[in-house]
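Listed below are the residues making up each chain.
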Amino acid sequence: MALTKATNRMIDGAKINVRDFGAVGDGVTDDTVAIRAAIVAAELQNDPSGVVSGTLVLNPGDRYLISDTLQVYNISIEGNGCVIDCATATTVLNIYGTRMYVKDFHIIFSGVSTNPLSIGVNMAELGQFSKNIIENIHVRNAYIGWNTENTYSTMWGSTFTSCRADFCNDWGFNFDCKVGTTTNTFINCHANAGRLSATAKGFYFYSIVDLVTINIAVDGMLDGDCIVVSTCQVWTADVIAIESCDIITHDKKFVTCGATHATIGKLKLQSCEVDVGA
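Reading the values: rules and limits
Residues numbered from 1 in each chain as written. Predicted model: local features only at pLDDT ≥ 70, side-chain atom pairs only at ≥ 80, totals over all residues. Heavy atoms only, no water. Patch = residues over 30% accessible without salt bridge, like charges linked within 9 Å, V, L, I, M, F, W, Y side chains within 5 Å. Areas by Shrake-Rupley, 256 points an atom, 1.4 Å probe, with all protein chains shown as cover. Salt bridge = Lys/Arg side-chain N within 4 Å of Asp/Glu carboxyl O. Helix = DSSP H or I, 4+ residues; strand = E, 2+ residues; numbered from the N terminus. pLDDT = per-residue confidence, 0-100. Contact = heavy atoms within 4.5 Å. Core = buried A, V, L, I, M, F, W, Y, C linked by side-chain atoms within 4.5 Å. Buried < 20%, exposed > 50% of the residue type's maximum accessible area, 1.4 Å probe, protein only. Expected span 1.5 Å × (residues − 1). 1 Å grid on protein atoms, 1.4 Å probe; cavity = no way out; pocket = protein on both sides within 12 Å on 5 of 7 lines; lining within 4 Å. Points joined across faces, edges and corners; volume = space filled by probe spheres on them. Nonpolar A, V, L, I, M, F, W, Y, C, P; charged D, E, K, R; others polar.

## What about a nonpolar patch on the surface?
No. 1: Side chains of Ile-264, Leu-267 and Leu-269 sit close together on the surface and give an oily, nonpolar patch of about 260 Å² of accessible area.
No. 2: With respect to the helices and strands, the residue Ile-264 is situated in strand β24 (residues 255–270).

Written out as C-alpha cells, the structure reads:
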C-alpha cells in the first residue's frame, strides 16, 4: 500500500504553515500568492462564533518577498523571527479581528520608503480590532510604520509589546481611531521616525478613552512632534524616553498632552536639541 505524506493543511485544526502553500522564503521569489492562500486556509479554521482558532506559521530564517497587501482577519500569526520584505509602495499587513495573537516578525521596505503608500501595519480599517496581543513586530524603512488613520471601526482592549517603527520617513505610530477606542496598552514600544516630514509624529494617540503607555521611546526625530496625546480622557504613562531628537520648528513639541487626566511617571530627555526660531 502506498503511503501519502501528510502536511499540516491535511489535519483539521492544525496550524497553517505557508510552506505547505508554496511559499519559498528565499527573498527572491514573490511569495504573495502563496501566503494569501495560507491566510485563507487559516481563516477557514475559525469557528462560527468568531473566536480565533486559525494560526498562520511563518518560518525562522525565511525572508518572504511580497508585492501586494496581505489582508488578515481573525487569525493568529507566529512569525518565528522571519522577515517580510516589500519593494512595492503598498500596505504590507492590513489586519482586523478579535483575540488575535500576532508576534515575532520584521517588515522591511526596500527603496520605497519615501512613498506615502508604504505602510507597515494598518489596523481596523475593515472591522473592529479588539482584545488582541501584538508582540515583537518591527517595521523598518516604511513611510508610516503603524497606522489607523481614517479608521471608523472599533479599536479597544489590545496590547502592543516590544513593537517598533524604525527609520520611518513620516509617522512611527499613528493611532487615529475615531470610534470606540479605549483601553489600549503600549509596552516597550519604540519609534524612530520623522525623517522627511515636519508634520510627522513618533507616537500619535487620538481620542482614546483609557490609554496606558509603559516605557515608550522615541529617537532620531529630525523634526515634528515626538509624542502627541490628543482628546484622550485618561493617560497613564510610566517612563517616556526621548533621545537624539532635534525639534527645529518652533511649534513642535517633545510631548504634547491633550488628556483630561494624565499621570506621567518619568520623562527622560537625552542629546536633544531645540531651535525655537526667531
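Read on, since the account is not over.
## So, the confidence of the model for the chain
No. 1: Averaged over all residues, the pLDDT of the chain equals 87, while 88% of them reach at least 70.
No. 2: Long-range and interchain partners of residues 1–6, a stretch whose pLDDT sits below 50, account for one contact in this model, where long-range means more than four residues apart.

## Topic: the nonpolar core
No. 1: Ranked by size, the top nonpolar core spans 71 residues in total, and within it Trp-146 and Phe-160 carry the most contacts.
No. 2: The dominant element in this core, judged by the number of residues it contributes, is strand β22 (residues 225–243), at eight residues.

## Here's the deal with helix α1 (residues 32–43)
No. 1: Its twelve residues give α1 an end-to-end C-alpha distance of 17 Å, which sits within 8% of 16 Å, the value for a rise of 1.5 Å per residue.
No. 2: Of the positions making up α1, those classed as buried are Thr-32, Ala-34, Ile-35, Ala-38, Ile-39, Ala-41 and Ala-42.
No. 3: Its buried side turned inward, α1 meets β1 (16–17), β2 (26–30), β3 (55–57), β4 (63–66) and β5 (70–73).

## Re empty space enclosed by the protein
No. 1: For the structure shown, the criterion picks out two cavities of 30 Å³ or more.
No. 2: Approximately 70 Å³ is the volume attributed to the largest cavity.
No. 3: Residue lining of the largest cavity: Ile-35, Ile-39, Leu-56, Leu-58, Leu-70, Val-72, Ile-77, Ile-84, Leu-93 and Phe-105, and that is the complete set.
No. 4: Listing elements by their share of the lining of the largest cavity, those giving two or more residues are α1, β5 and β6 (76–86).
No. 5: In this structure, the second largest cavity spans a volume of roughly 40 Å³.
No. 6: Surrounding the second largest cavity, Leu-93, Ile-95, Val-102, Phe-105, Val-121, Met-123, Phe-129, Ile-134, Ile-137, Trp-146 and Phe-160 form its lining.
No. 7: Those elements giving two or more residues to the lining of the second largest cavity turn out to be β7 (91–98), β8 (101–109), β9 (119–123) and β11 (133–140).
No. 8: Each residue belonging to the lining of the second largest cavity can be placed in one class, and the counts come to eleven nonpolar, no polar and no charged.

## Regarding unusual backbone geometry
When glycine is set aside, most residues are seen to have a negative phi, and most peptide bonds are trans.
No. 1: The backbone of Ser-162 sits at a positive phi, close to 55°, despite the residue not being glycine.
No. 2: Relative to the assigned elements, Ser-162 resides in the loop between β14 (159–161) and β15 (164–166).
No. 3: Note on Ser-162: relative accessible area 26%, which makes it partly exposed.
No. 4: A positive phi is found at Ser-207, a non-glycine position, where the angle reads about 55°.
No. 5: Tracing the chain through its elements places Ser-207 in the loop between β19 (201–206) and β20 (210–214).

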